[in-house]
Amino acid sequence: MASHRLSRQQIVYRLDQSIPPAVEIDPGDTVYFETYDARTGSILSDDDLLDHPHPVGSNPATGPVFVRGAEPGDGLCVTIESIDLAESGFLAVKKGEGLLAHRADHFATRIVPVNDGVVHFGDLRFPANPMVGVIGTAPAGDGISTSFAGPHGGNMDNRFITQGSRVHLPVEVEGAGLGIGDIHAAMGDGEITFIGLEICAEVAARVDLVKGAGIRRPLVETDHHWVTTGEGDDLGDAARMAANEMVDLLQARLELSFEEAYMLMSAAVDVQICQCCEPGEFPVTTRAVVSRDLVP
Ligand code: CA
Ligand code: CA
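Residues numbered from 1 in each chain as written. Chains lettered and ligands numbered in written order. Predicted model: local features only at pLDDT ≥ 70, side-chain atom pairs only at ≥ 80, totals over all residues. Heavy atoms only, no water.

(A) Geometry of the overall build of the protein. Across its full length, the protein holds two helices and 21 strands. In summary, the protein has a C-alpha radius of gyration of 19 Å against a globular reference of 19 Å for 296 residues, a match within 12%. Look at the contacts in the protein between residues 6 or more apart in sequence, and 75% of them connect residues 24 or more apart. As displayed, the protein has an accessible area near 13,000 Å², and 51% of this comes from carbon and sulfur atoms. (Helix = DSSP H or I, 4+ residues; strand = E, 2+ residues; numbered from the N terminus. Rg over C-alpha atoms; globule rule 2.2 N^0.38 Å. Contact = heavy atoms within 4.5 Å. Areas by Shrake-Rupley, 256 points an atom, 1.4 Å probe, with all protein chains shown as cover.)

In structure tokens, the structure reads:
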């Protein structure tokens, strides 16, 4: 199996079938994605405030990757083999934005060193928890900004997408059009300021093709969990979407009736927030999580 490298210059701000591929690969190949932070490397000091729109766009993904043989109705299984972080990233507050917009009266930026898996926030230290914010394929029809999530994946901001995770994505267009970006050195559920610990990185991902997979939405698999996803303008709708996917998964894999699966969910499945920075203003993303001890 071959390996390929995409540089930080090969970025897109949309997952869009009309964008020419950055690379063509065979199923089973590994791609090294050099990813930019959410502000395309423009935040270099605490004086660089997020008080103006980025001239080219925000939240880039590296790609798109054209997978030979991938056709609508297939699925990709993307295994995150490693996430190597840059030496520092940034956190920020945007005036009047985020979950606590009513208290965010000032812009602020903090450059945050990350050394040997440890985040240095002033004198405070805590473990890095590297994760992939954006991973998705090109949707059928019009492209979608890498700021948004949908059935194609995209800006899911799901902490379970990390080293060792396998992300199953629908293929909606020929070649799939995979993109990966928006790596966080750490992010709390909710990403409440709108901004995780945004950082440049290099992500190694093996890309397998599952012919005729027929999956409609992203599904994340770790060594210990199955994770379904949801998104929407409303937190309740987004939670319902992730739960709806999970009840289908439980029914299919455990051969349960709807009522049995629904009861089991109420006892053994966690429905959680991924991103909830400005409910009502910006789409919410969610997940439902079940242990593989229960669902092999
Ligand atoms: Ca994000
Ligand atoms: Ca981000």
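Structure shown, so let's carry the discussion forward.
(B) Up close: the coordination of the calcium ion (ligand 2). Those donors, D182 (OD), D182 (OD), H184 (NE2), E191 (OE), E198 (OE) and E198 (OE), are the protein atoms that reach the calcium ion (ligand 2), and they lie 2.3 to 3.1 Å from it. Classification of the site at the calcium ion (ligand 2) rests on its six donor atoms, whose angles at the metal span 45 to 167°, yielding the label irregular. Along the chain, the residues donating to the calcium ion (ligand 2) fall in the pattern D-x1-H-x6-E-x6-E. Separating the calcium ion (ligand 2) from the calcium ion (ligand 1) is a gap of 3.3 Å, bridged by D182, which donates to each. (Donors = N, O, S within 2.8 Å, 3.2 Å for Na, K, Ca; no water. Tetrahedral: all angles 85-135°; square planar, octahedral: opposite > 155°, others 65-115°.)

(C) Highlighting the pairing of strand β7 (residues 75–93). In this sheet, strand β15 (residues 166–170) lies alongside β7 in antiparallel orientation, the contact comprising five bridges. Residue pairing in the sheet places C77 in a bridge with H168 of β15. With twelve bridges joining them, β7 and strand β17 (residues 198–210) adopt antiparallel strand pairing. Residue G89 lies in a different strand from β17, and its bridge partner there is I199. Note: β7 against strand β8 (residues 108–115), six bridges, orientation antiparallel. Its bridge partner lying in β8, G89 is registered against V112. (Pairing = 2+ DSSP bridges.)

(D) Up close: the coordination of the calcium ion (ligand 1). Taken together, the protein ligands of the calcium ion (ligand 1) are N155 (OD1), D157 (OD), D157 (OD) and D182 (OD), with distances of 2.2 to 2.5 Å. Counting gaps between the donor residues of the calcium ion (ligand 1) yields the pattern N-x1-D-x24-D. Residue class for D182 comes out buried when judged on its relative accessible area of 2%. (Buried < 20%, exposed > 50% of the residue type's maximum accessible area, 1.4 Å probe, protein only.)

(E) Up close: the pattern of salt bridges. Inspection of the entire model under this criterion finds 18 salt bridges. Salt-bridge contacts for K211 lead to D74; the nearest nitrogen and oxygen are separated by 2.7 Å. Taken as a pair, K211 in the loop between β17 and β18 (219–221) and D74 in the loop between β6 (61–67) and β7 lie far apart in primary sequence, 137 residues in all. Salt-bridge contacts for D189 lead to R287; the nearest nitrogen and oxygen are separated by 2.7 Å. Taken together, the residues span a long stretch of sequence, with D189 in the loop between β16 (176–184) and β17 and R287 in strand β21 (residues 284–291) at a distance of 98 residues. Salt bridges here are not isolated pairs; linked through shared partners, they connect R166, E221, D223 and R292. (Salt bridge = Lys/Arg side-chain N within 4 Å of Asp/Glu carboxyl O.)

(F) Geometry of the domain arrangement of the protein. According to the domain assignment, the protein consists of domain 1 (3–42 + 55–88 + 129–211) and domain 2 (224–291). Put simply, the middle of domain 1 and the middle of domain 2, counted by C-alpha atoms, are 22 Å apart. Taken together, the contact pairs 17 residues of domain 1 with 16 residues of domain 2. Each partner contributes to the roughly 1,400 Å² buried at the junction of domain 1 and domain 2, and carbon and sulfur atoms together form 59% of this total. At the boundary of domain 1 and domain 2, one finds one salt bridge. The interface formed by domain 1 and domain 2 contains four residue pairs in polar contact (both at pLDDT 80 or more). (Domains from an automatic or database assignment. Buried area = accessible area lost by both parts, 1.4 Å probe. Polar contact = N/O pair within 3.5 Å; in protein donor to acceptor, adjacent residues only side chain to side chain.)

(G) Region of the structure containing the environment of L250. For L250, the position within the fold is in helix α1 (residues 235–254). Judged by relative accessible area, which is 0%, L250 ranks as buried. Remark: the alpha-carbon pair of L250 and A261, spanning eleven residues in sequence, is separated by 5.9 Å. With near-sequence residues (within four places) excluded, L250 lies in contact with E255, L256, A261, L264, M265, V269, V290 and V295.

(H) Highlighting the side chain of T30. Inspection of the secondary structure assignment puts T30 in strand β5 (residues 30–35). Taking the relative accessible area as the measure of exposure, T30 reaches 12% and is therefore buried. Those residues in contact with T30 that lie beyond four places of it in its chain are A2, S3, H4, E81, A205 and R206.

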